[in-house]
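Analysis of the macromolecular model
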Amino acid sequence: MRPPVAPPGWSRWLVPPAALSVHLSIGQAYAWSVFKPPLESALHLSGTQSALPFQLGIVMLGLSAAFGGTLVERNGPRWAMTVALVCFSSGFLIAALGAAISQYWLIVFGYGFVGGIGLGIGYISPVSTLIKWFPDRPGMATGIAIMGFGGGALIASPWSAQMLDSFGADADGIALAFLVHGLTYAAFMSLGVLLVRVPRTEGARAPGAPGVLDGPQVSARAAVRTPQFWCLWIVLCMNVTAGIGILEKAAPMITDFFSDTSTPVSAAAAAGFVALLSAANMAGRIGWSSTSDLIGRKNVYRVYLGVGALMYLLIVQFGDASKPLFIVCALVILSFYGGGFATIPAYLKDLFGTYQVGAIHGRLLTAWSTAGVLGPLIVNWVADHQEEAGKSGAGLYGLSLTIMIGLLIVGFVANEFVRPVHARHHIPAPREAAHDGTDQHAAQ
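Residues numbered from 1 in each chain as written. Predicted model: local features only at pLDDT ≥ 70, side-chain atom pairs only at ≥ 80, totals over all residues. Heavy atoms only, no water.

1. Thoughts on the packing of aromatic side chains
Keep this limit in mind: Centre distance within 6.5 Å is the pairing criterion for rings of Phe, Tyr and Trp, where only the six-membered ring of Trp is used; planes under 30 degrees apart are then read as stacked, over 60 as edge-to-face, and the remainder as tilted. Each helix is a run of H or I in the DSSP string that is no shorter than four residues. Each strand is a run of E no shorter than two, and both are numbered from the N terminus. Any residue under 20% of the maximum accessible area for its type is buried, any over 50% is exposed, and the rest in between are partly exposed; the area is computed with a 1.4 Å probe on protein chains only. For a lysine, the NZ atom is tested; for an arginine, the CZ atom; a charge sits over a ring if that atom is within 6 Å of the ring centre and within 35 degrees of the ring normal.
Counting across every chain of the model gives 30 aromatic pairs. With a centroid separation of 5.8 Å and 40° between ring planes, the pair formed by Phe 273 and Phe 326 is classed as tilted. Residue Phe 273 is located in helix 13 (residues 267–295), and its partner Phe 326 is located in helix 15 (residues 323–352); the two are separated by 53 residues in the primary sequence. The same class applies to Phe 273 as to Phe 326, namely buried. Seen from the ring of Phe 258, Lys 323 lies directly overhead, with NZ or CZ sitting 5.5 Å from the centre.

Okay, here's the thing in structure tokens:
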């Protein structure tokens, strides 16, 4: 299934809305925490168990993005968006069946495994096409799509909370909410499938735009053998772990932090907090990545990791004493989380060039898969054991947030070891020219 080639005069500005229709839909994953308390109550799950669909979904996102890039490039964006639509929507329908018959493994399989494949293919589906349409502004074009993924929960969180209020927070209500999600997202993502087009002359250079292979270039195979790649893998993994740990448990976390105070947080307010986090995630993807153009990639990651550790320290020490402080610190951390995703492709380009940056980026996203397990596991496993030990409220999270501080410090140190790639890893200029029209496509 190949998308139709754009007719003469067709506006390239119709492609970003096609990408947004997919990314805003699959960005619902960031609103999973809204479903955690109802699932735990209806199916008698622990916090660790209720995190499994989200964790598996992120694992499958990273793996399918890492290994699906070649298929996406070969079959085109319409094929990729269709696969994403079918998998993501089917995941919700399978999860709805699991909730209706109280079989939690079906929820894990549907939302996590099947839906997770849709997440990964959908995440990368429009990127290559956007770059081809906007060779003069590829960062802006892909940033629009990636911003949409970060902002998906801004819509999904209050919408999901409202459905649970209307349908009920029992197993039947959850099943109906999952069903509505699956059908609605199928319709919305189909807009992207129908709208997407490829340019008539793919890869054409815009007037004044730099060449694709300007500067030193490193192949994907050589890149994974460099210490720079693995330092960035650690940097991304630590930054994502710190953000995703809060994001996955955001609604119950803010509720627990202030449950023993005079100003408890309602379920509706907790859902609103999740939406705020999504907004910070989305804003960070544009704001911080743009800042990196001014202060450099290494410096902006120093901010993400160093200031992020400070924000966690403030939450641990004073979070339950001040609701505004807790919210502001969490918003800053989530802006760093989003900014880290948006900045890493530029960091890779700076180090390895553009020759196979898509393939290198895909391999680096396995750090996201690892963090998708690590972050929620730390927060939920520690909270469950602290609850068994008789602790409550903010006491459930002190240890896990302290662990996050340590992980961010590890990432900060790894970032300091990043240096320019040695010339022995560079591809000779004649080979660059020879493969300009072939390997660049295979790398995606």
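Back to the write-up after that little detour.
2. Details of a nonpolar patch on the surface
What counts here: For patches, a residue must show more than 30% relative accessible area and have no salt bridge; joins then use 9 Å for like charges and 5 Å for nonpolar side chains, namely Val, Leu, Ile, Met, Phe, Trp and Tyr. Residue-level accessible areas treat just the shown protein chains as cover; the underlying method is Shrake-Rupley with a 1.4 Å probe. Here, a salt bridge means any Lys or Arg side-chain nitrogen found within 4 Å of an Asp or Glu carboxyl oxygen.
Side chains of Leu 93, Phe 167, Leu 176, Leu 179 and Leu 183 sit close together on the surface and give an oily, nonpolar patch of about 400 Å² of accessible area. Counting through the fold element by element, Leu 183 comes out in helix 9 (residues 171–195).

3. Some details on the pattern of salt bridges
As enumerated under the stated definition, the model contains four salt bridges in all. A salt bridge links Asp 293 to Arg 297; the nearest nitrogen and oxygen atoms lie 2.8 Å apart. Here Arg 302 makes a salt bridge to Glu 416, at a shortest N to O gap of 2.7 Å. A residue pair is termed long-range when its members are at least 10 positions apart, and Arg 302 in helix 14 (residues 297–318) and Glu 416 in helix 18 (residues 398–416) qualify at 114 residues. A relative accessible area of 29% means that Arg 302 is categorised as partly exposed.

4. Overview of the confidence of the model for the chain
As a reminder, the rule being used: Predictor confidence is given residue by residue as pLDDT, running from a minimum of 0 to a maximum of 100. Here, two residues are considered to be in contact whenever any of their heavy atoms come within 4.5 Å of each other.
With 89% of its residues at a pLDDT of 70 or more, the chain has an overall mean of 83. For the stretch residues 202–212, pLDDT sits under 50, and the model shows 14 contacts to residues farther than four places along the chain or on other chains. The low-confidence segment residues 430–444, where pLDDT is below 50, has 29 contacts with residues more than four positions distant or belonging to other chains.

5. Some thoughts on the packing of helix 13 against helix 15
For the record, the criterion: What counts as an axis is a line fitted to C-alpha atoms, over the stretch in contact for a helix, and the angles between N-to-C directions run from 0 to 180 degrees. We call two directions roughly parallel when the angle between them is under 35 degrees, roughly antiparallel when it is over 145, roughly perpendicular when it lies between 65 and 115, and oblique otherwise. For any helix crossing, the convention is left-handed if the near helix is rotated counterclockwise from the far helix by under a right angle, and right-handed if that rotation is clockwise. Each residue gets one label: Ala, Val, Leu, Ile, Met, Phe, Trp, Tyr, Cys and Pro are nonpolar, Asp, Glu, Lys and Arg are charged, and the others, such as Gly, are polar.
Contact geometry for helix 13 and helix 15: axes closest at 6 Å, N-to-C directions at 50°. By the angle between their axes, helix 13 is oblique relative to helix 15. Crossing of helix 13 against helix 15: the hand is right-handed. Tallied by class, the residues present in the contact of helix 13 with helix 15 amount to 14 nonpolar, eight polar and one charged.

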